[in-house]
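Each chain, written out:
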Amino acid sequence: MKQSQTLLPTLKEVPADADIKSHQLLLRAGFIRQTASGVYSFLPLGKRVLRKVEEIVRDEMDKAGANEMFMPALQPAELWKETGRWNNFGPELMRLHDRHDREFALGATHEEVITSLVRDEVKSYKRLPLTLYQIQTKFRDEKRPRFGLLRGREFVMKDAYSFHDSFDSLDETYSKMYQAYSNIFSRCGLNFRAVIADSGAMGGKDTHEFMVLSDVGEDTIAYSDTSNYAANIEMAPVTQEYKQLDIPLKDMEKVETPNQRTMQEVADFLGHSLEQGLKALMFKVDESLVLVITRGDHEVNDIKLKNLYNASVVELATETETKEVLGASFGSLGPIGVNEKIDVVADTAVQYVVNVSCGANEDGFHYKNVNPGRDFNVKEYADLRFIKEGDPSPDGNGTIKFARGIEVGHVFKLGKFYAEKMGATFLDDQGKANTMIMGCYGIGVSRTLAAIVEQFHDEKGITWPTNVAPFQVHLLSINAKNEEQKQLADELYQMLQEAGMEVLYDDRKERAGVKFADSDLVGIPFRITVGKRANEGYVEFKVRNTGDQTDLHQSDILNKIKELLEI
Ligand code: 9G3
């Protein structure tokens, strides 16, 4: 491709509303442009990279036995009403009416569409297992689209769905997909971890997220410093054994704590550490109110609370709602004297505290020397807190550390939910009808492209890994007026392309400085500069990510590139 004939609008300045490197660099290097908030156009070089990532995904999915197909973005509401999800999703599900005023959704995902298709077309156990996938545009009307392609409202996803006659068969496909995902992200050059995730089901053993390690990642990964245990922090179980202080229980005492609201203020006022205080937070769990007690130095994990109650909505109650039932404001709440129609549950650690303080459910008052069992009881003790750095790793090896990650893939064991709701059954070898068992597997393809830039850039621009670079060679001719230089550059352009290389030829009438700066920004792995020594047949050869630079004779160029590409 000749730069004088394509669209590659590089920018010198960092765009104002781009806060992270991948968003800034993809805009500055002319790979994407924003069409609307969270909605992007891929310009020619951006599209080439997108296609490279898609080709790696396709290759691994096909090798794993999945069959590519293509489903519509326009989905009739009826299908979402069959599974009850039409009303489950609020404004995030983009909806529209056709000319006959019929309701449609723009596809945020395709469980309903694929299950209705397989329900109609697959009847016998002989046709199972079956894995189908597509690479398609998804629509999710995010409240706050941000970080460019990392959280868009229209994005490219590979979504796969598998259908089985048994859970063993699902497990087999699941592990094939898991391996395919590892291959895909490795071939993209990414430093990633597969982490145990939470799909709302107990134990979380049935879903993994693939996380690209990055400080701009929205997810927190809890990983062991000595084993390969890694879990999404929402999911990581706390296995810490607490030891109870063997000290005499003191008499409980009600004390005035005027204007002390936060845990730290109360602890300082009463002269003890955070962990010697109890924190009480009121949650709305579906329709009921639940008071959750934790040690002062721990945080309530709302996903664990949701799983404990198998609820669909869990959120903090407002101070007004709380005051109505407990008669006190935030900062003065506690487990003593709570109206029995409110569930009081506590994190496991609370069972082992001795002589602690807690809110008296009266503004401006706390209790001192409170002891569980003697002074209050709870409906249930459970693992309700977020794991912390330094906690023992749940696999018993090492201690937990945190890292931030960008979720680029997610594999699920769906079970029978969709097939049950939509009547997708198969006849087994006894002629008996059974509900199909499903798995689903997603990769954020456009998000993966941005994650690659997050991990592959330097102060001058992007440093694409060779497998996904938009081109392999960036050919620069410095002085277009110099006949010898132009001739050699044209020759090399033709020779390299005939040898199967993908070449971007900067044949523009621009100053050398502009060409070098743009080349560093765009980040193509190998750069050939045709300059002063053209008359001797010598060019400058530079490797983008290492900066290595040598003069090469034109007859050595192809071998040098093949050697570096290991082909
Ligand atoms: C919606 C909207 C947003 C959504 C969903 C539905 C996430 C939704 C979960 C999944 C599960 C898997 C197949 C590919 C891999 C992920 N956000 N999910 O179902 F209507 Cl607006 O999408 N689906």
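This is a predicted model, so every value here is computed, not measured.

Criteria and thresholds
Numbering of residues starts from 1 in each chain and follows the order in which that chain's sequence is written. Residues qualify for local features only when their pLDDT is at least 70, as the model is predicted, and side-chain atom pairs are given and counted only at 80 or more; totals for whole chains, interfaces and linings, by contrast, use all residues. Think of the side-chain values as coming from all heavy atoms in the structure, minus any hydrogens and water. Each helix corresponds to a stretch of at least 4 residues labelled H or I by DSSP, and each strand to a stretch of at least 2 residues labelled E; elements are numbered beginning at the N terminus. The classification of residues rests on relative accessible area computed with a 1.4 Å probe and restricted to protein chains. Under 20% of the type maximum is buried, over 50% is exposed, and intermediate values are partly exposed. Any two residues having at least one pair of non-hydrogen atoms within 4.5 Å are treated as being in contact. In this count, Lys and Arg are taken as positive residues and Asp and Glu as negative ones, while His and the chain termini are left out. A single reference atom marks each charge: NZ on Lys, CZ on Arg, CG on Asp, CD on Glu. Each axis is a line fitted through C-alpha atoms, and for a helix only the stretch in contact is used; angles between axes span 0 to 180 degrees, taken between their N-to-C directions. Note on angle classes: values under 35 degrees are labelled roughly parallel, values over 145 roughly antiparallel, values of 65 to 115 roughly perpendicular, and the remainder oblique. Just so you know the grouping, Ala, Val, Leu, Ile, Met, Phe, Trp, Tyr, Cys and Pro go in nonpolar, Asp, Glu, Lys and Arg go in charged, and all remaining residues, Gly too, go in polar. Where each domain begins and ends follows an automated or database-derived domain assignment. A 1.4 Å probe defines the accessible area here, and the buried area is the portion of it lost by two parts on being joined, summed over both. Salt bridge, as used here, is a side-chain nitrogen of Lys or Arg placed within 4 Å of a carboxyl oxygen of Asp or Glu. Polar contact criterion, stated in full: a pair of N or O atoms within 3.5 Å, where within protein one must be able to donate a hydrogen and the other to accept it, and residues adjacent in sequence count only if both atoms are side-chain atoms. When we say a residue is near a molecule or strand, we mean one of its heavy atoms is within 4 Å of it. To measure how exposed things are, a 1.4 Å probe is used in the Shrake-Rupley method; for residues, cover is taken only from the protein chains shown. At least two DSSP bridges between two strands are required for those strands to pair.

Chemist: Is there a simple way to think about the overall build of the protein chain in this case?
Modeler: Each helix and strand counted, the protein chain has 13 helices and 31 strands in total. Expressed along its principal axes, the backbone C-alpha trace of the protein chain runs to roughly 95 × 65 × 50 Å. Counting across all 567 residues of the protein chain, residues that qualify as buried make up 51%. For the protein chain, long-range pairs separated by at least 24 residues make up 69% of all intrachain contacts whose partners lie at least 6 apart in sequence. Computed over 69 positive and 88 negative side-chain charges, the inter-centroid distance for the protein chain is 4 Å.

Chemist: What's the story with unusual backbone geometry in this structure? I'm lost.
Modeler: Glycine aside, the phi torsion of most residues is negative, and most peptide linkages are trans. In this model, Leu-128 is joined to Pro-129 through a cis peptide bond whose omega is 0 degrees. Following the sequence through the fold, Pro-129 ends up in the loop between α4 (111-121) and β7 (130-139). Even without glycine at this site, Asp-286 takes up a positive phi of about 50 degrees. Following the sequence through the fold, Asp-286 ends up in the loop between β14 (278-285) and β15 (288-295).

Chemist: Help me understand the packing of helix α1 (residues 21-28) against helix α10 (residues 445-455) in this model?
Modeler: Helix packing for two helices is described by the angle between their axes and how far apart those axes are. Their axes nearest at 8 Å, the elements α1 and α10 cross at an angle of 100 degrees. When the interaxial angle is binned, α1 and α10 end up roughly perpendicular. Contacts between α1 and α10 involve Lys-21, Ser-22, Leu-25 and Leu-26 from the former and Leu-449, Ala-450, Val-453 and Glu-454 from the latter. A class-by-class count of the residues in the contact of α1 with α10 yields five nonpolar, one polar and two charged.

Chemist: In this structure, what is going on with the domain arrangement of the protein chain? I would like to understand it.
Modeler: It is common to give the size of an interface as the accessible area lost on bringing the parts into contact. For the protein chain, the domain assignment lists domain 1 (16-237 + 402-453), domain 2 (253-382) and domain 3 (471-565). Of the residues lining the interface, seven residues belong to domain 1; the matching set on domain 3 comes to five residues. For the pair domain 1 and domain 3, the two sides together bury roughly 580 Å², of which 67% comes from carbon and sulfur. Inspection of the domain 1/domain 3 interface yields two salt bridges. Its salt-bridge partner being Glu-502, residue Arg-48 comes within 4.0 Å of it at the nearest N-O pair. At the junction of domain 1 and domain 3, the tally comes to one residue pair in polar contact (both at pLDDT 80 or more). Counting residues per element, the ones that place at least two in the side of domain 1 that touches domain 3 are α1 and α2 (44-63). Among the elements that line the side of domain 1 that touches domain 3, the one with the most residues is α2, at three residues. By residue class, the composition of the side of domain 1 that touches domain 3 is four nonpolar, no polar and three charged.

Chemist: How should I be thinking about the site of the ligand in this particular structure?
Modeler: Near the ligand you find 16 residues, and of these Trp-80, Arg-85, Thr-109, Glu-111 and Arg-140 are the closest. Here an oxygen atom of the ligand and a side-chain polar atom of Arg-85 are 2.9 Å apart. Between the ligand and Glu-111, the relevant distance is 2.6 Å, taken from a nitrogen atom to a side-chain nitrogen or oxygen of the residue. Here the ligand, which alone exposes 500 Å², has 86% of that area covered by the protein. Breaking the shell around the ligand down by element, the ones donating at least two residues are β8 (154-164) and β24 (437-444).

Chemist: Just to check I follow, could you spell out the side chain of Lys-304 for this structure?
Modeler: Residue position: Lys-304 is located in helix α7 (residues 302-309). With relative accessibility at 9%, the residue Lys-304 sits in the buried group.

Chemist: Help me understand the pairing of strand β1 (residues 32-36), please; the structure alone is not making it clear to me.
Modeler: Regular strands show a simple pattern: their side chains alternate between the two faces of the sheet. Sheet topology places β1 next to strand β2 (residues 39-42); four bridges connect them, and they run antiparallel. Of the residues in β2, the one forming a bridge with Ala-36 is Val-39. Count of turn residues in the β1/β2 antiparallel hairpin: two residues, of which Gly-38 carries a positive phi of about 75 degrees.

Chemist: Would you explain the pattern of salt bridges in this entry?
Modeler: Close approach of charged atoms allows side chains of opposite charge to pair. Scanning the entire structure with this criterion turns up 41 salt bridges. Note that Asp-59 is salt-bridged to Arg-187, the shortest N-O span being 2.6 Å. In this pair, Asp-59 sits in helix α2 while Arg-187 sits in helix α5 (residues 167-187), placing the two residues 128 residues apart along the sequence. Among the residues examined, Arg-187 registers a relative accessible area of 30% and is labelled partly exposed. Residue Lys-138 pairs with Asp-159 through a salt bridge whose shortest N-O separation is 2.9 Å. Of this pair, Lys-138 sits in strand β7 while Asp-159 sits in strand β8, and the two are 21 residues apart along the sequence. Overall, the relative accessible area of 2% leaves Asp-159 in the buried class. It is possible to trace a salt-bridge network through shared partners that takes in Asp-59, Glu-60, Lys-63 and Arg-187.

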